[in-house]
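Okay, here's what each chain looks like letter by letter:
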Amino acid sequence: MDLSYTPEEEDFRARLREWLAKALPGLPPKPAPEDWPGRRAYDLGWQRMLYDAGYADVHWDASPTVRLIFLEETEKAGAPYVGANFVGLLHAGPTIAAEGTERQRARWLAPILRGDEVWCQGFSEPGAGSDLAALRTRAWRDGDDYVVSGSKIWTSHAEVADWCELLVRTDPEAPKHRGITWLAMPMDAPGVTVRPLRTLAGSAEFAEVFLDEVRVPVANRVGDENDGWRVTMVTLSFERGTAFVGEVVACRRVLGDLARVARGNGTWDDPALRRRLGRLNAEFRALRRLTQWNVSEAEGKGVPGVGGSVFKLRYSHARQELYDAAADVLGPDALDLDRPWVLDRLSSLSYTIAAGTSQIQRNIVAERILGLPKGR
C-alpha cells in the first residue's frame, strides 16, 4: 500500500499552511472553558473563517487523504479545534452526506459548514451506554410526525445545540438492533429539557436530555424507519475512524514537550521513564500510520471501515498512558489544576468509555476483523 502523498495533495498542504500563518494571528482570545455560549460563538466564528477561505468542506467533499492533511496541519499550527461544532462536522454531517436525501443534505449541510448551526449527539441513555442497541427512548408515528419520549445522557454540547442526531426505538417488538430509527431533532422543540452535567475536570460539555412527547417531523428521519442501527454504524465509523486524527498530532507534540520538561527537572535520568516515553513515541507514530491505512480504505468505500475500532481502542489507552507519564514527570505538581497536562489527564480517563468502550471495541475487532465467534 502506497502511503505517500501526491503532488496535488502536497500543494494543498502548502496552501493551507500559508493561509493558517496569515489567519491565526487575527483570532480573538479564546473564551474560558466554562463559558459555553462564548465558546460556541468562538468555534463557529472559526468555522466561518474556514468556510470563507474555502476549507470548510474538507470533511465531506474532499478525499479522505486531503481531510487527513487538513486535520494534521490545523493541529500542528495550533488552530482552534472544532469544539462545539464537533458533532455536526465530524458525526452528523458526514452521516447526512452519506445517508441523507438530497433535500436533507441541502437543508443541514450548508449551515454546519458555514458555522450557523450546532449539533449534539443523543445516543447514550442511562441504561444503554456500552450496549447502545438496548436504548429505550420511544418514538411512535402520528401522521407526519414522530412523538418521542425518553431520556438521553452524555449528550455532547446539548446546552448550546440547535439540532440533535437522535436514536429512538420505533418498533419495540423487533429484535433490538432492528427497531431503531435515526432522527434529526430540533433542540428548541416543545418538550425538550436539557440539564448540563459537570465532569471531573470541571467543565460541562455534556448534558442529560429529557424528552416529553417531542414531535419530530417524519421528514427529519435519515434512512428508513427501523434501519437506524445501520445508519448509526456509519456515524460511529466516522467517530472512530478519522475524528481523532488531530488529537494524535497533539499527543505527539505533548510527548515532545514532556521530554523537554523531564530533561529540565531531572526525571529524564530515570531509564524506566525514558523507555516509557520511547514506547509512547512508537505508539503514536504507529497510530498515525494506522490512520493513513484507514484513510486509504475509506478512499475506496466512502466511509471508514472497522479498522477505526482498532485505532480507537489503542489510541484511548495510549492517551491515558501519555498523561500518566506526564503526572510522573510533574511529580507533586500533577495535583495542581493550573499546571499544563493536569486537566488533560483527568479528561483522558473518559477516552476508554467515550465513542464506544474498550470492551465493545475488542468485541468488534474480534468478531468483524478476526472472525471469532460471539461469546455466550
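Residues numbered from 1 in each chain as written. Predicted model: local features only at pLDDT ≥ 70, side-chain atom pairs only at ≥ 80, totals over all residues. Heavy atoms only, no water.

### Notes on the overall build of the chain
- Helix and strand counts for the chain come out as 11 helices and eight strands.
- Every one of the 376 residues in the chain was classed for burial, and the buried ones make up 52%.
- Put simply, of all contacts in the chain between residues at least 6 apart along the chain, 73% involve residues at least 24 apart.
- Roughly 17500 Å² of accessible area belongs to the chain as shown, and the carbon and sulfur atoms make up 52% of that amount. (Helix = DSSP H or I, 4+ residues; strand = E, 2+ residues; numbered from the N terminus. Buried < 20%, exposed > 50% of the residue type's maximum accessible area, 1.4 Å probe, protein only. Contact = heavy atoms within 4.5 Å. Areas by Shrake-Rupley, 256 points an atom, 1.4 Å probe, with all protein chains shown as cover.)

### Looking at the packing of helix 1 (residues 7–23) against helix 2 (residues 36–53)
- Where helix 1 contacts helix 2, the two axes come as close as 12 Å, and the packing angle between them is 135°. Compared by their axis directions, helix 1 and helix 2 come out oblique. The handedness of the crossing between helix 1 and helix 2 comes out as right-handed. Together, Trp 19, Leu 20 and Ala 23 of helix 1 and Trp 46, Met 49, Leu 50 and Ala 53 of helix 2 make up the contact between the two elements. (Axes fitted to C-alpha atoms, helices over the stretch in contact; angles between N-to-C directions. Parallel < 35°, antiparallel > 145°, perpendicular 65-115°, else oblique. Left-handed = near helix turned anticlockwise from the far one by under 90°.)

### Details of the packing of aromatic side chains
- Per the stated rule, a full pass over the model turns up eight aromatic pairs.
- Ring geometry for Phe 12 versus Tyr 55: centroids 5.9 Å apart, planes at 70°, classification edge-to-face. Separated by 43 residues along the polypeptide, Phe 12 in helix 1 and Tyr 55 in the loop between helix 2 and helix 3 (64–76) bring together distant segments of the chain.
- According to the relative accessible area criterion, Tyr 55 is buried, its value standing at 8%.
- Above the ring of Trp 268, the side-chain terminus of Arg 263 is found at 4.2 Å from the ring centroid. (Phe/Tyr/Trp six-rings, centres within 6.5 Å; stacked < 30°, edge-to-face > 60°. Lys NZ or Arg CZ within 6 Å of the ring centre and 35° of its normal.)

### Topic: unusual backbone geometry
- Look at Trp 154: it is not a glycine, yet its phi comes out positive at around 60°.
- Mapped onto the secondary structure, Trp 154 falls in the loop between strand 3 (145–152) and strand 4 (163–169).
- By relative accessible area, which is 52% here, Trp 154 ends up exposed.
- Residues other than glycine seldom take positive phi values, yet His 157 does so here, at roughly 60°.
- Topologically, His 157 is positioned in the loop between strand 3 and strand 4.

### Observations concerning the confidence of the model for the chain
- Confidence along the chain averages 85 in pLDDT terms, with 89% of residues attaining 70 or more.
- Here helix 11 (residues 358–369) is the element of the chain with the lowest mean pLDDT, 72, and strand 3 is the one with the highest, 98. (pLDDT = per-residue confidence, 0-100.)

### Details of the pairing of strand 4
- Extensive coverage of strand 4 is indicated by the burial of seven of its seven residues.
- A two-sided burial pattern is seen for strand 4, the buried positions comprising Trp 163, Glu 165, Leu 167 and Arg 169 on one face and Cys 164, Leu 166 and Val 168 on the other.
- The pairing of strand 1 (residues 119–122) with strand 4 spans four bridges and is classified as parallel. Looking at the pairing, Gln 121 lines up with Glu 165 of strand 4. (Pairing = 2+ DSSP bridges.)

### Notes on the side chain of Glu 75
- You can see Glu 75 is positioned in helix 3.
- For Glu 75, a relative accessible area of 15% puts it in the buried group.
- Apart from the residues within four sequence positions on either side, Glu 75 is in contact with Gly 246, Val 249, Ala 250 and Arg 253.

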